[in-house]
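Here is how the chains run, residue by residue.
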Amino acid sequence: MKHSSSSSSLGPGGLDLTQTFFKPINHAVSPTPTKRIKISVIGVGNVGMAIAQTILTQGLTDELALVDVNPDKVHGEMLDLQHAAAFLPRTKIYASVDPAITAGSDLVIVTAGARQIGDESRLNLLQRNVGLYSKIIPPLVNYSPDMILLIVSNPVDVLTHVAWKLSGLPPNRVIGSGTNLDSSRFRFLIADHLDVNAQDVQAYIVGEHGDSSVALWSSISVGGVPVLSFLEKQQIAYEKETLENIHQQVIQSAYEVIGLKGYTSWAIGYSTASLARAILRNQRSIHPVSLS
């Protein structure tokens with residue numbers, strides 16, 4: 001099946017003008033080719049496109065493949081991103097309904113699936129999404145057997161396990177976005193409460209992404225200072241109810257955003273891009289993710 005992509009062929013008969021503008025240098029030694037990074041995003045809904053846009057603006061990939069069941073939607077999203085080329089790092093962008101376009105991907109990010117509605121729990125999405133995964137995961141592995149698979153669809157912890165089973169890949173190459181976003185929300189709320197920069201706050205949410213997550217209170221530090229032990233040493237009283245309220249706000253955050261705008265997108269986009277950067281650049285940074 002044909003797919004859409006960027007093109008350098010212009011003029012009558014699709015003349016490749018690169019041969020006109022750029023002449024080879026005689027006796028020149030070609031530079032050692034560097035490995036080109038390719039990321040594929042499966043599903044171009046609000047979450048998929050937030051991830052794609054963030055990946056592009058952060059210059060994380062040389063090639064970006066978009067796949068969706070809606071041909072007009074995926075083609076339109078590709079064109080919209082291509083039209084921003086003058087403002088972005090150079091990236092080849094492709095789009096298709098055919099997963100063959102993902103061939104040779106280093107990282108495949110799966111966002112396709114039923115969308116959470118209102119106060120619907122993430123686990124209620126399970127049956128609808130398991131059926132979809134059984135159709136899309138095997139072909140993705142067939143086209144990119146050496147890829148790392150990053151699952152974002154909800155319920156992400158269960159679907160990460162499902163994807164691992166369907167893929168046949170080693171467990172360390174099938175990763176879910178886990179509580180990376182929950183932890184970011186946690187850090188924001190603590191930073192907001194203390195009136196400091198969220199980047200200076202270390203704090204983790206672990207366990208299942210969503211309603212049954214666990215807040216690691218002992219992990220909270222600000223500027224390298226463990227907060228709870230500092231308060232105890234200084235004999236500063238604090239209410240455990242205040243801490244629990246912050247955790248409850250983390251849990252309710254997605255429901256609040258969905259209730260206001262109908263979906264979540266930007267925060268999960270940045271969260272997933274941070275995971276992509278850590279994986280592709282082997283940054284050895286620590287993230288709370290889902291594994292089988």
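Residues numbered from 1 in each chain as written. Predicted model: local features only at pLDDT ≥ 70, side-chain atom pairs only at ≥ 80, totals over all residues. Heavy atoms only, no water.

Focus: the overall build of the protein
The test is simple: A run of DSSP states H or I qualifies as a helix once it reaches four residues; a run of E qualifies as a strand once it reaches two. Both are numbered from the N-terminal end. Each residue is placed in one exposure class: buried if its accessible area under a 1.4 Å probe, protein chains only, is under 20% of its type's maximum, exposed if it is over 50%, and partly exposed if it falls in between. Should any heavy atoms of two residues lie within 4.5 Å, those residues are counted as being in contact. For the accessible areas, the method is Shrake-Rupley and the probe is 1.4 Å, while residue cover comes only from the protein chains on display.
For the protein, the helix and strand inventory stands at nine helices and 10 strands. Counting every position in the protein, which comprises 292 residues, the buried fraction comes to 42%. Taking all contacts inside the protein whose residues are at least 6 apart in sequence as the whole, residues at least 24 apart take part in 72%. For the protein, the accessible surface area stands at approximately 16,000 Å², while carbon and sulfur atoms represent 55% of it.

Some words on the packing of aromatic side chains
Our working rule: Pairing of aromatic rings covers Phe, Tyr and the six-membered ring of Trp, with a centre-to-centre limit of 6.5 Å; geometry is then stacked below 30 degrees between planes, edge-to-face above 60, and tilted otherwise. Criterion for a charge above a ring: Lys NZ or Arg CZ within 6 Å of the ring centre, and within 35 degrees of the ring normal.
As enumerated under the stated definition, the model contains one aromatic pair in all. The interplanar angle of 70° and the centroid separation of 5.5 Å between the aromatic rings of Phe-186 and Trp-217 together place this pair among those described as edge-to-face. You can see Phe-186 sitting in helix H6 (residues 180–194) and its partner Trp-217 sitting in strand E9 (residues 214–222), a full 31 residues away along the chain. Sitting over the ring of Tyr-94, Lys-38 keeps its end group 5.9 Å from the ring centre.

With respect to the pairing of strand E2 (residues 38–42)
Our working definition: A strand pair is defined by DSSP finding two or more bridges across the two strands. Clockwise travel from the first strand over the helix to the second, with the strands pointing away from the viewer, marks a crossover as right-handed.
Along E2, five of the five residues are buried, which leaves the element largely enclosed by surrounding structure. Burial of E2 is two-sided: the residues Lys-38, Ser-40 and Ile-42 facing one way and the residues Ile-39 and Val-41 facing the other way are all buried. Pairing of E2 with strand E3 (residues 63–67) involves five bridges; the strand directions are parallel. Paired with Val-41 across the two strands is Leu-66, which belongs to E3. Following the backbone out of E2, through helix H2 (residues 46–57) and into the adjacent parallel E3, one traces a crossover that is right-handed. Direction of pairing for E2 relative to strand E5 (residues 107–110): parallel, over a ladder of four bridges. By the bridge assignment, Ser-40 is partnered in E5 with Val-108.

Notes on helix H8 (residues 240–261)
What counts here: Expected span of a helix, by definition, is 1.5 Å for each gap between consecutive residues, and there is one gap fewer than residues.
Taking 1.5 Å as the rise per residue, H8 with 22 residues should run 32 Å; its terminal C-alpha atoms sit 32 Å apart, in good agreement. Looking only at H8, the buried set comprises Leu-243, Ile-246, His-247, Val-250, Ile-251, Ser-253, Ala-254, Tyr-255 and Ile-258.

Regarding the environment of His-161
Tracing the chain through its elements places His-161 in helix H5 (residues 156–167). The exposure class assigned to His-161 is partly exposed, which follows from its relative accessible area of 36%. As a C-alpha pair, His-161 and Pro-171 span 10 residues in sequence and 8.8 Å in three-dimensional space.

Let's talk about the packing of H2 against helix H9 (residues 266–280)
Here is the rule: Whenever a helix is involved, its axis is fitted only over the stretch in contact; in every case the axis is a line through C-alpha atoms, and angles between N-to-C directions fall within 0 to 180 degrees. By definition in this entry, angles of less than 35 degrees are roughly parallel, angles greater than 145 are roughly antiparallel, angles of 65 to 115 are roughly perpendicular, and the rest are oblique. By convention the crossing between two helices is left-handed if the near helix lies anticlockwise of the far one by an angle smaller than a right angle, and right-handed if it lies clockwise. Here the term charged refers only to Asp, Glu, Lys and Arg, the term nonpolar to Ala, Val, Leu, Ile, Met, Phe, Trp, Tyr, Cys and Pro, and the term polar to all other amino acids, Gly among them.
One can describe the packing of H2 onto H9 by two numbers: an axis separation of 8 Å at closest approach and a directional angle of 50°. Considered as vectors, H2 and H9 are oriented oblique to each other. The handedness of the crossing between H2 and H9 is right-handed. From H2, Val-47, Ala-50, Ile-51, Gln-53, Thr-54 and Ile-55 reach across to H9, where they touch Trp-266, Ile-268, Gly-269, Tyr-270, Thr-272 and Ala-273. Grouping the amino acids of the contact of H2 with H9 by side-chain chemistry returns eight nonpolar, four polar and no charged.

So, the nonpolar core
Rules: Here, the term nonpolar core denotes a set of buried Ala, Val, Leu, Ile, Met, Phe, Trp, Tyr and Cys residues that are joined through side-chain atoms within 4.5 Å.
By size, the foremost hydrophobic cluster in this structure holds 27 residues, and its most contacted members are Ile-39, Ile-55, Leu-64, Leu-66, Leu-81 and Ile-109. For this core, the secondary-structure elements that each account for two or more residues are E2, H2, E3, helix H3 (71–82), strand E4 (92–96), E5 and H9. The greatest single-element share of this core, amounting to five residues, is contributed by H2. Apart from the residues within four sequence positions on either side, Ile-109 is in contact with Ile-39, Ser-40, Val-41, Ile-42, Ile-51, Ile-55, Leu-150, Val-152 and Thr-272. Judged by nonpolar contacts, the second largest core, of 23 residues, contains Val-108, Leu-126, Leu-140 and Val-162.

Considering H5
The cut-off we apply is this: To be clear, the arc concerns the directions from the helix axis to the C-beta atoms.
Compared with the 16 Å implied by 1.5 Å per residue over 12 residues, the 16 Å span of H5 between its first and last C-alpha is a close match. Turning to H5, its buried residues are Val-156, Leu-159, Thr-160, Val-162, Ala-163 and Ser-167. On an axial view of H5, the arc spanned by its buried residues comes to 165°, and they lie on one face. Check the buried side of H5 and you find it contacts helix H4 (126–143), strand E6 (148–151) and strand E7 (174–176).

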